[in-house]
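Results of the structural survey
The lines below spell out each chain.
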Amino acid sequence: MRKTKRYPVKGSNSLWQIYRTVPFWKVVKNVIVIFIARYMPFLSVKNWLYRTFLRMRVGKKTAFALMVVPDIMFPEKISVGSNTIIGYNSTILAHEYLIDEYRLGEVKIGSHVMIGANTTILPGVTIGDGAIISAATLVHKDVPAGSFVGGNPMQLIYTKEEMEARQKNK
């Protein structure tokens, strides 16, 4: 189960009421920073932009590939450990705007994690250290440390123990 906090709304859908939940100028700043970072070829500069202007927690030697999109509304709810790779064109969401409510949740990505290209990570998810997520996965629940997951919907492919056994057999 994802760990999100629900905020009910009345009247129009929650996205129509966006600036009641997040300041307009914060969104403008975040869009500009994310747009620049998406195309930034220097990983250390990209991480500096995320840490400094978006208040994301990003570990050392973490690599956000080209076109990655962290949450535009609430990037400060995202933390990524050290030596992690987030693949091309992936999206990390910390919010969901629905018809009758919106939800916010922390996204915690561990260290030494590999996230394949075109993956979407939903709010309220924790990805354990050493996990591997295949390309084009919809991460809709927690991923255990050291495991290998993939698909839509996401499924466990190998546990940490099975992954270790596979490594020994190489």
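Residues numbered from 1 in each chain as written. Predicted model: local features only at pLDDT ≥ 70, side-chain atom pairs only at ≥ 80, totals over all residues. Heavy atoms only, no water.

According to the stated counting rule, one finds 8 salt bridges in the structure shown. Measuring nitrogen to oxygen at the nearest pair gives 3.1 Å for the salt bridge that ties Glu96 to Arg2. With Glu96 in strand S8 (residues 95-97) and Arg2 in the segment before strand S1 (5-8), this pair connects stretches of sequence that are 94 residues apart. Considered together, Glu96 and Arg2 belong to a single accessibility category, that of buried residues. Where Glu101 meets Arg6, a salt bridge forms, and the shortest distance between an N and an O atom there is 3.4 Å. Here Arg6 lies in strand S1 and Glu101 lies in strand S9 (residues 101-104), a separation of 95 residues in the sequence. On the accessibility criterion, Arg6 (48% relative accessible area) is partly exposed. Within this structure, Arg2, Arg6, Glu96, Glu101 and Arg103 form a network of salt bridges that share partners. (Salt bridge = Lys/Arg side-chain N within 4 Å of Asp/Glu carboxyl O. Helix = DSSP H or I, 4+ residues; strand = E, 2+ residues; numbered from the N terminus. Buried < 20%, exposed > 50% of the residue type's maximum accessible area, 1.4 Å probe, protein only.)

Bringing the sheet that holds strand S10 (residues 107-109) into the picture now. The strand order across the open sheet built from 4 strands is S2-S5-S10-S13, with neighbouring strands paired in parallel fashion. The open sheet has two edge strands with one neighbour each: strand S2 (57-58) and strand S13 (126-127). Two elements, strand S5 (residues 78-80) and S10, share 3 bridges in a ladder whose sense is parallel. Bridge pairing in S10 links Ser79 to Lys108. (Pairing = 2+ DSSP bridges.)

Attention shifts here to the packing of helix H2 (residues 24-39) against helix H3 (residues 43-53). Between H2 and H3, the shortest axis-to-axis distance is 9 Å and the interhelical angle comes to 170 degrees. By the angle between their directions, the pair H2 and H3 is classed as roughly antiparallel. As H2 packs across H3, the resulting crossing turns out to be left-handed. Residues Lys29, Asn30, Val33, Ile36, Ala37 and Arg38 of H2 form the contact with H3, whose participating residues are Lys46, Leu49, Tyr50 and Phe53. Split by residue class, the contact of H2 with H3 holds 6 nonpolar, 1 polar and 3 charged. (Axes fitted to C-alpha atoms, helices over the stretch in contact; angles between N-to-C directions. Parallel < 35°, antiparallel > 145°, perpendicular 65-115°, else oblique. Left-handed = near helix turned anticlockwise from the far one by under 90°. Contact = heavy atoms within 4.5 Å. Nonpolar A, V, L, I, M, F, W, Y, C, P; charged D, E, K, R; others polar.)

Counting 28 residues, the largest nonpolar core has Phe64, Ile109, Ile121 and Ile127 as its most contacted members. Listed by contribution, the elements that provide at least two residues to this core are H2, H3, S5 and S10. It is H2 that contributes the most residues to this core, 3 residues altogether. Apart from residues lying up to four places away in sequence, Ile109 is in contact with Ser79, Val80, Gly81, Thr84, Ile86, Ile92, Ile115, Ile121 and Ile127. Listed in part, the 10 residues of the second largest apolar core include Val27, Met73, Phe74 and Tyr97. (Core = buried A, V, L, I, M, F, W, Y, C linked by side-chain atoms within 4.5 Å.)

Reading across the sheet, the 6 strands line up as S3-S6-S11-S14-S16-S17 and stay open at both edges, with mixed pairing between neighbours. Two strands lie at the open edges of the sheet, namely strand S3 (63-64) and strand S17 (155-158), each paired on one side alone. By the bridge criterion, 2 bridges tie strand S11 (residues 114-115) to strand S14 (residues 132-133) in an arrangement that is parallel. Paired with Met114 across the two strands is Ile132, which belongs to S14.

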